[in-house]
Amino acid sequence: MATCEVCGKKPVFGNKISHSHRVTRKMWRPNIQKVRVRLNGHSVKMNICTSCLKAGKIKKA
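Participant: Is there a simple way to explain the overall build of the protein in this structure?
Facilitator: Per the secondary structure count, the protein includes one helix and four strands. Helices and strands appear in the protein in the N-to-C order β-β-β-β-α. Projected onto its principal axes, the C-alpha positions of the protein cover 55 × 20 × 15 Å. Here the protein holds 61 residues, and 20% of them are scored as buried. Taking contacts inside the protein between residues at least 6 apart in sequence as the whole, the part at least 24 apart equals 25%. Here the protein has roughly 5,000 Å² of accessible surface; of this, 50% comes from carbon and sulfur atoms.

Shown next, in the form of structure tokens:
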């Protein structure tokens, strides 16, 4: 399971409940992209969620 290396977002587990109240297990995954990032003068590939990319928390290489 991939996690965001900036904010630590990871998949969340829970129950999907239908209209008739049948309960099944479900997993919500964050939108994680492998992005080339500028880090200490070097370009490195990191797993970043799209909300961190949109917020500008890192600089793309």
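The discussion continues.
Participant: Honestly, the nonpolar core in this entry has me stumped. Any pointers?
Facilitator: A general tendency of soluble globular proteins is for nonpolar side chains to be buried together. Formed by Cys 4, Ile 32, Val 35, Val 37, Met 46, Ile 48, Cys 49, Cys 52 and Ile 58, the largest nonpolar core amounts to nine residues. Counting only elements with at least two residues in this core, the list comes to strand 3 (32–39) and strand 4 (42–49). Apart from residues lying up to four places away in sequence, Cys 52 is in contact with Cys 4, Val 6, Cys 7 and Lys 57.

Participant: I'm lost on the environment of Leu 53 in this one. Help?
Facilitator: In this fold, Leu 53 is placed in helix 1 (residues 50–55). With 20 residues separating them in the primary sequence, Leu 53 and Gln 33 have C-alpha atoms 9.3 Å apart.

About the criteria used
- Residues numbered from 1 in each chain as written.
- Predicted model: local features only at pLDDT ≥ 70, side-chain atom pairs only at ≥ 80, totals over all residues.
- Heavy atoms only, no water.
- Helix = DSSP H or I, 4+ residues; strand = E, 2+ residues; numbered from the N terminus.
- Buried < 20%, exposed > 50% of the residue type's maximum accessible area, 1.4 Å probe, protein only.
- Contact = heavy atoms within 4.5 Å.
- Areas by Shrake-Rupley, 256 points an atom, 1.4 Å probe, with all protein chains shown as cover.
- Core = buried A, V, L, I, M, F, W, Y, C linked by side-chain atoms within 4.5 Å.

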